[in-house]
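One-letter residues, chain by chain:
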Amino acid sequence: MPHAVVLGAGVIGLSTALHLQSQSPYSITLLARDFPLPSETIDAVSQINFTSPWGGAHNRLVPPTNPTEEREHAMSLRTFTHMKTLHSQNPGEAGITFMKGVEYLEAPGPAYKELNDEKAKSLGMEGFRLLRKEEYPDERVTWGCEYDTWCVNPMVFCSFLLRRFVYLGGKVVRREVRDPVEIFGMRDLGEVDVVVNCSGNGFGDEKVFITRGQTCLVANACPVTVTRQNADGSWTFCVPRNFQGGTIIGGTKEPNNWDPNPSPEVRAGLLKKFAATYPCILDSHGGGFQVIKDIVGRRPTRKGGMRLEREQLSNGKSIVHAYGLGGRGYELSWGVAEGVAELLPKPTTRTSKL
Ligand SMILES: Cc1cc2nc3c(=O)[nH]c(=O)nc-3n(C[C@H](O)[C@H](O)[C@H](O)COP(=O)(O)OP(=O)(O)OC[C@H]3O[C@@H](n4cnc5c(N)ncnc54)[C@H](O)[C@@H]3O)c2cc1C
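The model shown is predicted, which means the values in this text are computed figures rather than measured ones. (Residues numbered from 1 in each chain as written. Predicted model: local features only at pLDDT ≥ 70, side-chain atom pairs only at ≥ 80, totals over all residues. Heavy atoms only, no water.)

## Regarding helix α5 (residues 154-167)
Threshold: Helix and strand definitions follow DSSP, with helices as H or I runs of at least four residues and strands as E runs of at least two, each counted in order from the N terminus. What a helix should span is 1.5 Å times the count of its residues minus one. We call a residue buried when its accessible area falls under 20% of the maximum for its residue type, exposed when it is over 50%, and partly exposed in between, using a 1.4 Å probe and counting protein chains only.
With 14 residues, α5 should reach 20 Å at 1.5 Å per residue; the first-to-last C-alpha distance of 20 Å fits that figure. Taken together, the buried positions of α5 are occupied by Pro154, Met155, Phe157, Cys158, Ser159, Phe160, Leu161, Leu162 and Phe165. Downstream of α5 by a residue or two, glycine 169 has a phi angle that is positive, lying close to 105°.

Rendered as structure tokens:
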């Protein structure tokens, strides 16, 4: 049976390993330095480069305006459908919640302004409704809508994927590598035909950079996920994690900022702006926020978009690269996993498991 090693156990590696396990003729090993843990125990400093614990994570449907965004949009729809299936088959276990996504934009681009019921339907947005002006939080907002979407509690979701992979017979190895090529020489893994590089940042890819995000986790509950685009280019949002995981209030997007320390001033600004946008979030805690902790994460971003391609090595082996998901790793996860499956070489000499 051909053998693929998936390198990386963030949301991309876990989704890919699970998908390949059932939908490819390969046997799958999952190898990584970091694995999902309860988020309460993940170290904010030593594991800052493991991005998946620090994500929101919600699904924002973005109307596409170019071929890259169109490809991503298609992936987000595939992921949406998959999340629905996972949620309905594992209610309460997979860490997924379906709810309304509410958007308030101060400076909407043409793709948003064109959105109406018909256009939204053609983009696969379910439950879409343009908001009335009187529903906007203030006069700076010039456009608003709501639609059906999902949020996950990241470590509940990722731990579920890992558990499921092992339950279905997947093999797991905790190991750090300097280069994906190393894996072909690891005798204890047996013959390895393909490595799938789901390492988030790749290995020395010059197009990759980080986008720092500071958010604040609060105990306040919120029934919807809210995203506000501010005219100065900043964002104000909340992502209910549920499953006793509180709500994320965000957040910054700072390319190439490596500061691992949360700023108290930024936290105060995020909370103030969100309370002004969606005041009823304060109702559950006597008119204020109950802060659990500040979060700093590093979105693994890549100029020109994610790398999803196969590299053929001279020894007949191959590496499939699937990294650089930036701020959309959860949203696109299942679409990426399916993309990897399409890129795997068709096994020729060894016996298929199907
Ligand atoms: C503040 C913030 C908010 C976000 N909000 C959202 C959101 O709402 N929705 C959304 O979709 N996305 C969101 N994101 C983005 C999302 O979290 C990332 O896109 C996603 O987590 C990337 O996942 P990944 O699996 O590619 O990488 P990672 O989660 O970083 O996983 C990489 C894996 O590779 C392993 N690895 C790396 N190097 C090595 C090595 N040398 N040897 C062995 N193993 C290695 C790591 O140990 C890990 O297992 C947010 C991110 C941040 C920071």
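Now that the structure has been shown, the text picks up again.
## Focus on the packing of aromatic side chains
For clarity, the threshold we go by: Stacked, tilted and edge-to-face are the three classes assigned to paired rings of Phe, Tyr and Trp, where Trp is represented by its six-membered ring and a pair needs centres within 6.5 Å; plane angles under 30 degrees give stacked, over 60 edge-to-face, the rest tilted.
By the definition in use, this model includes four aromatic pairs. Here the aromatic rings of phenylalanine 80 and phenylalanine 98 are separated by 5.6 Å at their centres, their planes lie at 90°, and the arrangement is edge-to-face. You can see phenylalanine 80 sitting in helix α2 (residues 67-89) and its partner phenylalanine 98 sitting in strand β3 (residues 96-105), a full 18 residues away along the chain. Here phenylalanine 80 falls in the buried class, since its relative accessible area comes to 5%. Residue phenylalanine 98 is classed as partly exposed on the basis of its relative accessible area of 26%. On the numbers, 6.1 Å between centres and 35° between planes, the contact of phenylalanine 274 with tyrosine 278 is tilted.

## Brief notes about the nonpolar core
This is how it is decided: By nonpolar core is meant a set of buried Ala, Val, Leu, Ile, Met, Phe, Trp, Tyr and Cys residues that side-chain atoms within 4.5 Å join together. Contact definition: two residues touch when any of their heavy atoms are within 4.5 Å.
Within the largest apolar cluster, 54 residues are counted, with the highest numbers of intra-cluster contacts made by Leu30, Phe157, Val196, Tyr330 and Val336. Counting residues per element, this core draws most heavily on α5, which supplies seven residues. The residues contacting leucine 30, other than those within four sequence positions of it, are Val6, Gly8, Ala9, Gly13, Leu14, Ala17, Phe35, Leu162, Phe165, Lys171, Val172 and Val173.

## Some remarks on the pairing of strand β14 (residues 307-312)
Just so we agree on the cut-off: When DSSP finds at least two bridges between two strands, those strands are taken to pair.
Relative to strand β15 (residues 318-323), β14 is paired through six bridges, and the arrangement is antiparallel. Counted as the bridge partner of arginine 310 is valine 320 from β15. Hairpin connection between β14 and β15: a loop of five residues separates the two successive antiparallel strands, and glycine 316 in this loop has a positive phi of roughly 90°.

## Notes on the UniProt feature "signal peptide" (unreviewed entry) in the chain
The test is simple: UniProt positions are given in the numbering used here, feature names are shortened, and annotations may be inferred rather than shown by experiment.
Those places that UniProt annotates as "signal peptide" (unreviewed entry) correspond, in this numbering, to residues 1-17. As annotated, residues 1-17 comprises 41% helix and 29% strand, and the C-alpha atoms at either end are separated by 16 Å.

## Observations regarding the site of the ligand
Short version of the rule: Proximity is defined per residue: any heavy atom of the residue falling within 4 Å of a molecule or strand makes that residue near it. Polar contacts, as counted here, are pairs of nitrogen or oxygen atoms within 3.5 Å of one another; within protein the pair requires one atom able to donate a hydrogen and one able to accept it, and residues that are adjacent in sequence qualify only if both atoms are side-chain atoms. The protein chains shown are the only cover counted for residues, whose accessible areas, like all others here, come from Shrake-Rupley with a 1.4 Å probe.
What surrounds the ligand is a group of 38 residues, the closest being Ala9, Asp34, Ser52, Val177 and Gly326. Residue glycine 56 places a main-chain N or O atom 3.0 Å away from a nitrogen atom belonging to the ligand. Interatomic distance of 3.0 Å between a backbone N/O atom of glycine 329 and an oxygen atom of the ligand. Isolated, the ligand exposes 1,000 Å² of accessible area, and the fraction of that covered by the protein chains is 96%. Residue assignment for the shell around the ligand shows that the elements contributing at least two residues are α1 (11-23), β8 (208-218), β13 (291-302) and α7 (329-343).

## Topic: the packing of α2 against α5
Basically, it comes down to this: Axes here mean lines fitted to C-alpha atoms, for a helix over just the part in contact, with angles spanning 0 to 180 degrees between N-to-C directions. Here the word oblique covers every angle except those under 35 degrees (roughly parallel), over 145 (roughly antiparallel) and from 65 to 115 (roughly perpendicular). Each residue is assigned to one class: nonpolar for Ala, Val, Leu, Ile, Met, Phe, Trp, Tyr, Cys and Pro, charged for Asp, Glu, Lys and Arg, and polar for all the others, Gly among them.
At a closest axis distance of 13 Å, the pairing of α2 and α5 adopts a crossing angle of 75°. In this view, α2 runs roughly perpendicular relative to α5, as classed from their interaxial angle. Contact with α2, carried on its side by Met83, Leu86 and Gln89, involves Phe157, Phe160, Leu161 and Arg164 of α5 and no other residues of that element. Among the residues forming the contact of α2 with α5, the class breakdown is five nonpolar, one polar and one charged.

## Section: the side chain of threonine 277
Along the chain, threonine 277 turns up in helix α6 (residues 264-277). Not counting residues within four places of it along the chain, the set of residues in contact with threonine 277 comprises Tyr104, Pro137, Val226, Arg228 and Thr236.

## Quick notes on the packing of α1 against α7
Spelled out, the test is: Crossings are assigned a handedness: left-handed for a near helix turned anticlockwise from the far helix by less than a right angle, right-handed for a clockwise turn.
At their nearest, the axes of α1 and α7 sit 8 Å apart, and the two run at 40° to each other. As the angle between them shows, α1 and α7 are arranged oblique. The chirality of how α1 crosses α7 is right-handed. Residue-level contacts link Val11, Ile12, Ser15, Thr16, Leu18, His19 and Leu20 of α1 to Gly329, Tyr330, Ser333, Trp334, Val336, Ala337, Glu338, Val340 and Ala341 of α7. Of the residues assigned to the contact of α1 with α7, the class counts are 10 nonpolar, five polar and one charged.

## Section: the UniProt feature "binding site: FAD" (unreviewed entry) in the chain
With numbering aligned to this structure, UniProt lists the feature "binding site: FAD" (unreviewed entry) at Thr51, Ser52 and Val177. For serine 52, the position within the fold is in the loop between β2 (27-32) and α2. When neighbours within four sequence positions are excluded, serine 52 is seen to be in contact with Gly10, Val11, Pro154, Met155, Cys158 and Tyr330. A polar contact is formed between the side chain of serine 52 and the backbone nitrogen of valine 11, at a distance of 3.0 Å. Examined against the element boundaries, valine 177 turns out to sit in the loop between β6 (171-174) and β7 (194-197). What makes valine 177 buried here is its relative accessible area of 9%. Not counting the four nearest positions on each side in its chain, valine 177 is found in contact with Leu7, Leu31, Glu182, Ile183, Met186 and Phe203.

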